[in-house]
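Per-entry structural report
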There are 2 protein chains.
Amino acid sequence: MERRNTIQRSLVAAAVQKLDHPDAEQVYAEVVREHPHISKATVYRNLNLLAEEGAIGKVHLSEGADRFDCRTGKHYHLRCRVCGRLFDAKMPPLDAPERLLGGTDGFSVEDHTLEFIGVCADCQK
Amino acid sequence: MERRNTIQRSLVAAAVQKLDHPDAEQVYAEVVREHPHISKATVYRNLNLLAEEGAIGKVHLSEGADRFDCRTGKHYHLRCRVCGRLFDAKMPPLDAPERLLGGTDGFSVEDHTLEFIGVCADCQK
DNA sequence: ACCTTATTGAAAACAATTATCAATTAATAT
DNA sequence: ATATTAATTGATAATTGTTTTCAATAAGGT
């Protein structure tokens with residue numbers, strides 16, 4: 001199952017770089033301009049492949065479609081509940097917040113997600 | 001639009017009390033035993049109504065269907081990635097974690113979600 | 001050029017949820 | 001009790017976001 005370099009794959013990767021936290025639909029819209037025959041399934045497939053191999057990040061939110069992120073290091077997001085835009089939080093990842101979990105009966109914490117919800121500067125006007 | 005007391009609504013509420021963080025499907029399965037003619041749409045509608053009025057909690061996770069919670073106060077959850085079960089975190093809600101967000105360009109934070117992912121005691125065996 | 005196999009495109013399948021709408025029913029007034 | 005009326009229901013269709021299927025295509029090595 002060695003990976004091959006397809007033009008579709010690099011177009012998808014480039015679109016994630018170019019766009020700001022796009023969802024799959026937006027990536028498709030961007031790629032289809034250069035490559036009008038690409039299938040939506042190919043976009044989804046490649047987004048997932050790229051995310052699996054760590055080339056991009058996949059962000060699951062408390063509302064709406066998944067977003068994709070060219071920043072790959074662990075970081076949190078702020079989601080504007082008005083326009084839906086995502087912003088990178090300028091905040092270091094919490095250091096082992098599971099230590100705050102007093103006595104969780106042998107549950108072994110491997111990861112956590114943290115999402116901030118609010119209204120962005122533009123939408124406050 | 002004043003709310004009425006229907007038997008369906010109270011059965012849905014009772015099922016959420018009885019079950020442990022069920023999803024809509026599980027609530028339906030429970031209610032349909034007593035009330036075989038209930039529609040799935042009615043279950044979804046009432047879960048959302050109850051959540052809106054604060055009688056139950058609705059939990060959106062990073063995977064799978066939404067869960068419902070008879071505990072209504074703000075608290076976090078641990079999700080077992082093996083069996084999917086949800087556990088209440090014995091941890092006080094973070095106090096204004098948005099203070100850790102240095103300079104977020106006028107974004108006003110109203111809320112946040114925090115979810116722990118790992119493996120529960122049972123699934124570690 | 002040839003072979004093997006990953007990848008593609010198109011469409012269907014899928015999962016979770018919401019919308020539609022005529023029929024029913026709870027709460028209120030009569 | 002009875003009529004009124006608007007919320008609610010049940011059944012189904014529609015939606016949204018995503019994955020699966022599968023025959024056809026194309027990469028990359030030999």
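This is a predicted model, so every value here is computed, not measured. (Residues numbered from 1 in each chain as written. Chains lettered and ligands numbered in written order. Predicted model: local features only at pLDDT ≥ 70, side-chain atom pairs only at ≥ 80, totals over all residues. Heavy atoms only, no water.)

We now examine the packing of helix α2 (residues 24–34) of chain A against helix α3 (residues 40–52) of chain A. All names here are of chain A. Packing of α2 against α3 leaves a shortest axis separation of 10 Å and a crossing angle of 120°. On the basis of the axis angle, α2 is oblique to α3. Note on packing geometry: the crossing formed by α2 with α3 is right-handed. Of α3, the residues touching α2 (which contributes Ala24, Glu25, Val27 and Tyr28) are Lys40, Val43, Tyr44 and Leu47. Tallied by class, residues from the contact of α2 with α3 come to 6 nonpolar, no polar and 2 charged. (Axes fitted to C-alpha atoms, helices over the stretch in contact; angles between N-to-C directions. Helix = DSSP H or I, 4+ residues; strand = E, 2+ residues; numbered from the N terminus. Parallel < 35°, antiparallel > 145°, perpendicular 65-115°, else oblique. Left-handed = near helix turned anticlockwise from the far one by under 90°. Contact = heavy atoms within 4.5 Å. Nonpolar A, V, L, I, M, F, W, Y, C, P; charged D, E, K, R; others polar.)

A few words now on the protein's contact with DNA strand C. Surveying the vicinity of DNA strand C reveals 23 residues, the closest of which are Thr6, Arg9, Thr42 and Arg45 of chain A together with Asn48 of chain B. Backbone sugar and phosphate groups make up 66% of those atoms of DNA strand C lying within 4 Å of the protein. At 2.9 Å from a base oxygen of DNA strand C is found a side-chain nitrogen or oxygen belonging to Arg4 of chain A. At a separation of 3.3 Å, a phosphate oxygen of DNA strand C approaches a polar backbone atom of Ser39 of chain A. Elements represented by at least two residues in the surface near DNA strand C include exactly α1 (7–18) and α3 of chain A together with α3 (40–52) of chain B. (Near = heavy atom within 4 Å. Polar contact = N/O pair within 3.5 Å; in protein donor to acceptor, adjacent residues only side chain to side chain.)

This part takes up the interface of chain A and chain B. Contact residues are listed per partner, giving 37 residues for chain A and 38 residues for chain B. Taken together, both faces of the contact between chain A and chain B bury some 3000 Å²; the carbon and sulfur share is 61%. At the junction of chain A and chain B, the tally comes to 2 salt bridges. Put simply, Glu110 of chain A and Arg81 of chain B hold a salt bridge, and the shortest N to O gap is 2.7 Å. Here chain A and chain B share 15 residue pairs in polar contact (both at pLDDT 80 or more) between them. When contributions to the side of chain A that touches chain B are tallied by element, the ones reaching two or more residues are β3 (77–80), β5 (108–119) and α4 (121–124) of chain A. By residue number, the principal contributor to the side of chain A that touches chain B is β5 of chain A, which donates 12 residues. Where β5 of chain A and strand β5 (residues 108–119) of chain B come together, 11 bridges link them in antiparallel fashion. (Buried area = accessible area lost by both parts, 1.4 Å probe. Salt bridge = Lys/Arg side-chain N within 4 Å of Asp/Glu carboxyl O. Pairing = 2+ DSSP bridges.)

On to the protein's contact with DNA strand D. By nearness alone, 23 residues border DNA strand D, and Arg4, Thr6, Arg9, Thr42 and Arg45 of chain B come closest of all. Atoms of DNA strand D within 4 Å of the protein: sugar and phosphate make up 64%, bases the balance. Arg45 of chain A is positioned such that a nitrogen or oxygen atom in its side chain is 3.4 Å from a base oxygen of DNA strand D. Here Asn46 of chain B contributes a side-chain N or O atom positioned 3.4 Å from a phosphate oxygen of DNA strand D. Taken together, the elements giving at least two residues each to the surface near DNA strand D come down to α3 of chain A together with α1 (7–18) and α3 of chain B. Taken together, the residues of the surface near DNA strand D break down into 6 nonpolar, 9 polar and 8 charged.

This part takes up the domain arrangement of chain A. When the parts of a complex come together, some accessible area is lost, and that lost area is often used as the size of the interface. All names here are of chain A. Here chain A is described as being made up of domain 1 (7–69) and domain 2 (77–124). Computed over C-alpha atoms only, the centres of domain 1 and domain 2 are separated by 23 Å. Across the boundary between the two partners, domain 1 contributes 8 residues, which contact 8 residues of domain 2. For the pair domain 1 and domain 2, the two sides together bury roughly 680 Å², of which 46% comes from carbon and sulfur. Inspection of the region where domain 1 meets domain 2 yields 7 residue pairs in polar contact (both at pLDDT 80 or more). Looking at the side of domain 1 that touches domain 2 residue by residue, the class counts come to 2 nonpolar, 2 polar and 4 charged. (Domains from an automatic or database assignment.)

This next bit is on the sheet that holds strand β3 (residues 77–80) of chain B. Taking strand neighbours across the sheet as the criterion, the 6 strands line up as β4(A)-β3(A)-β5(A)-β5(B)-β3(B)-β4(B) in an open arrangement whose pairing is mixed. Two strands in the sheet have a free side with no partner beyond their single neighbour: β4 (86–88) of chain A together with β4 (86–88) of chain B. Ignoring strand direction, the axes of neighbouring strands in this sheet form an average angle of 30°. Here β3 of chain B pairs with β5 of chain B via 4 bridges, running parallel.

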